[in-house]
Every structure is written in C-alpha cells, then in structure tokens.
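Given next are the chains, with one letter for each unit.
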Amino acid sequence: MGKSVFKDLIREIKGSLGRFIAIMAITAIGAAFFAGVTASSGDMKRSSDNYYDEYNMNDLRIISSIGLTDDDLQVIAKVQGVKAVYGANSKDVLINYDDKESVAHVLSIPLNVDDNDDSYINRLRIKEGRLPQNDKECVVKYESTREAVKVGDVLKFESGTSDDINDTFKDTEYTVVGVVYSPCFVSYDLGSSDIGNGNISYCVYVGDDEFKNDYYTEAYAVVDGAKELDTYSDEYDKKVENVQNRIKNIAAGQLDNRKKDIKEEFAKAKCNFICSFDGGETMLHLAQRIYNLLDDIKAQPDKTYLLVAHNGIARMVKSYFEDMGNEEFSAFKIKNCEILKFEF
C-alpha cells in the first residue's frame, strides 16, 4: 500500500513538475522571509536600544501646565533614581522656506557642552556642519521626505498668532549651521500644531539662551541604571515607572509652591503702579483707561450704566469712587456675580 501511494505521488509530481516547483519556491521564500523578519526584529530592537543609549535619550519627559522652574529641576534631581535632569523650552513657529509657509517645532539645546556630560540629554548626531555656538545660529533635523534645509540658509521665525514672536525669542532670524539627527524623532511624523496648516514639517534647535522664558516648558530626565537594561524589556518599564511615580508624588507640592509664588508676584505687581506685570499694561495705564471711561459716563447724568467686569477692573472702578490704600487696593475682591452700585 505504501509503495503504491509513493509511486502515485511521484507520477503526479512528474505530471505537473512546473506547478510543483512553483509551489515549493513560494513556500521556501515565505519560510525564509518569516525566519528573516523573526530574527531581524531582535537585531532592530538591540540597534535602536544602543542608539538611544549612545545619544542619552530621555527616559522621562516632564511637563507642567504652568511651566517648570530651576527649583523644580533641583527637586526632581534629588528624587531617588534620577541620574540627570535637563530643563528645556520649545515653541511652534512659522517659517517660509522653499516658497512655502511651513510649521517648525523649535527646541532648545545646551551650547558648548561635553558629550560625556550626563545632563546633556537627547544629544544630536551631526550629519553636516556643526552645532550652534553663538546667537542667531541653529541646526535643523534632517528630513528625507521633504525639501531639506541646507547649511547657510536663514530661517525667519513668525509666531503664527497674534502674539509677538519677540516675546519668546531673543532673535527672529537664525542661520543654519548644521543638519542633525535626533533620538527623539525616529519616524517621519513630527507631530501636529495649532498654527499654520497644523502639521509640523521641520524641527529646529537653538541655544538655551535664545528663549526669553523665565520658566521651562518641559524637562527631560534620565533614570539611573536604565541604560544597562533593554529599552523594550519589562525590567526597564518597571524601573522607569518607579521613578515616574516618585516624581508624581512630589508634583502636587511643587505645583502648589509655583502657584503661591505666582500669586505673591502678582500681589506685589498690583501694588507697583509704574511697572507692568509680565508685559501687560501698568496699573497707571489701567487707571487712566478706566478713569477716562468713568469720566465720560459721569458727563451723562441722565443715564444708568451697567458695567460687567472681572475683579481687576472692578477694583479700579472702586478706587475711582473711594479712597483706597495700597494694601486695601491689592486685597480687594469681588464675588462671582456680585453687584456693586456707585453714584457720582
């Protein structure tokens, strides 16, 4: 029986030898492809893990709704398991390049820092040119899917909103001195933005001092011992998660301290009638604006006016009708939906 089946099988193969060879070839190619993908996935993971370690990619990215201060960074640096922390700034701007308006994500980098410094997190790899060394210099992340910015090009920043770009940056024009790779962006998608066409096309890096913020928009942290672990392992996830939870435990206290500092700063500003607060108008300018309005209303005694305003304006209106000392003025508060009546 066995010999008969074998002879029949040989006869069938000989009768359709071409089809048999094609099926065998397809099967062999499929098996080889599957084996290659299975084997290469581990190599790809090891390669990316080595790349992240070599360029000191952050293990944690920390952001706050009201920004981060140097005091916040010092507290984070003392958290158990944190090896290094770096405060950074970022901002989306519009640039006009290749006769097309595009969105660029601008990030800060430390200047003239040794590559062996642990605080130099997310180190850039130079493809062409050099890193910024002076004001008005920048580098651009290499892009292979769109028109590449070249060394020597000048980029002009625009806010893309009603905000003045000079409130954020020391300069608005930067000369490209290098093209780089970044460990933070391993895909072609650079993210979205709320300005321009909504899609980020370029990443631009400038020196720390180019940002005029008195706070950091984000912070990057490296976890002690994380480099020795596989980035894709459960052990790595657990180690980073432990440090992340410790940072979360101090977040509420730091946020309260930051809010307290802002309130104290604003309270002082309310008593300072000459200086502006965070670029706004001075108390004297506000008083002039409100007092002029009230003078116009006073000139129409046959009418009754309803003014709907926030506490700052209500405080100034009250000072028009009543003498108030500095402390009384700064401490004045109006309740939600409260109605105050004043007569000339």
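Read on for an overview of the structure. (Residues numbered from 1 in each chain as written. Predicted model: local features only at pLDDT ≥ 70, side-chain atom pairs only at ≥ 80, totals over all residues. Heavy atoms only, no water.)

1. Here's the deal with the nonpolar core
1) Next: Residues Ile-121, Leu-124, Val-139, Cys-203, Tyr-205 and Tyr-220 are the most contacted members of the largest nonpolar core, which totals 21 residues.
2) Next: Secondary structure elements with two or more residues in this core: β2 (82–88), β4 (100–109), β8 (173–181), β9 (200–207) and β10 (216–223).
3) Next: Each residue touching Ile-121, except ones within four places of it in the same chain, is listed here: Asn-56, Met-57, Asn-58, Ala-84, Val-85, Tyr-86, Tyr-220, Ala-221 and Val-222.
4) Next: Ranked by size, the runner-up nonpolar core spans 18 residues in total, among them Val-93, Ile-95, Val-176 and Phe-211. (Core = buried A, V, L, I, M, F, W, Y, C linked by side-chain atoms within 4.5 Å. Buried < 20%, exposed > 50% of the residue type's maximum accessible area, 1.4 Å probe, protein only. Helix = DSSP H or I, 4+ residues; strand = E, 2+ residues; numbered from the N terminus. Contact = heavy atoms within 4.5 Å.)

2. Re the sheet that holds β2
1) Next: The strand order across the open sheet built from 3 strands is β1-β10-β2, with neighbouring strands paired in antiparallel fashion. Whereas interior strands pair on both sides, the edge strands pair on one side only; in this sheet they are β1 (60–68) and β2. Neighbour-to-neighbour, the strand axes of this sheet turn through a mean angle of 25°, independent of strand direction.
2) Next: The pairing of β1 with β10 spans 5 bridges and is antiparallel. For Leu-60, the partnering residue across the bridge sits in β10 and is Ala-221. (Pairing = 2+ DSSP bridges. Axes fitted to C-alpha atoms, helices over the stretch in contact; angles between N-to-C directions.)

3. Some points on the pairing of strand β3 (residues 90–97)
1) Next: Most of β3 is tucked away: 6 of the 8 residues are buried.
2) Next: Linking two consecutive strands that pair antiparallel, namely β3 and β4, is a turn of 2 residues; a positive phi of about 55° is found at Asp-98 within it.

4. Notes on a negative patch on the surface
1) Next: There is a patch of like negative charges on the surface, built from Asp-70, Asp-71, Asp-214, Asp-261, Glu-264 and Glu-265.
2) Next: Among the elements that line the negative patch, the one with the most residues is helix α4 (residues 234–271), at 3 residues.
3) Next: In this fold, Asp-71 is placed in helix α3 (residues 70–77). (Patch = residues over 30% accessible without salt bridge, like charges linked within 9 Å, V, L, I, M, F, W, Y side chains within 5 Å. Areas by Shrake-Rupley, 256 points an atom, 1.4 Å probe, with all protein chains shown as cover. Salt bridge = Lys/Arg side-chain N within 4 Å of Asp/Glu carboxyl O. Lys, Arg positive; Asp, Glu negative; His and termini not counted. Charge placed at Lys NZ, Arg CZ, Asp CG, Glu CD.)

5. A word on the side chain of Lys-318
1) Next: With respect to the helices, strands and loops of the structure, Lys-318 is situated in helix α6 (residues 311–321).
2) Next: Among the residues examined, Lys-318 registers a relative accessible area of 14% and is labelled buried.
3) Next: Excluding anything up to four places from it in sequence, Lys-318 contacts Met-324, Phe-332 and Phe-342.

6. Examining the state of the cysteines
1) Next: Going through the model one piece at a time under the given rule, you end up with 0 disulfides.
2) Next: Not part of a disulfide, Cys-138 finds its nearest cysteine sulfur in Cys-203, a span of 12 Å.
3) Next: Among the cysteines around Cys-203, which has no disulfide bond, Cys-184 carries the closest sulfur, lying 8.9 Å off.
4) Next: Cys-203 sits in the buried class, given a relative accessible area of 0%. (Disulfide = S-S within 2.5 Å.)

Purely spatial values, then, with no claim about function.
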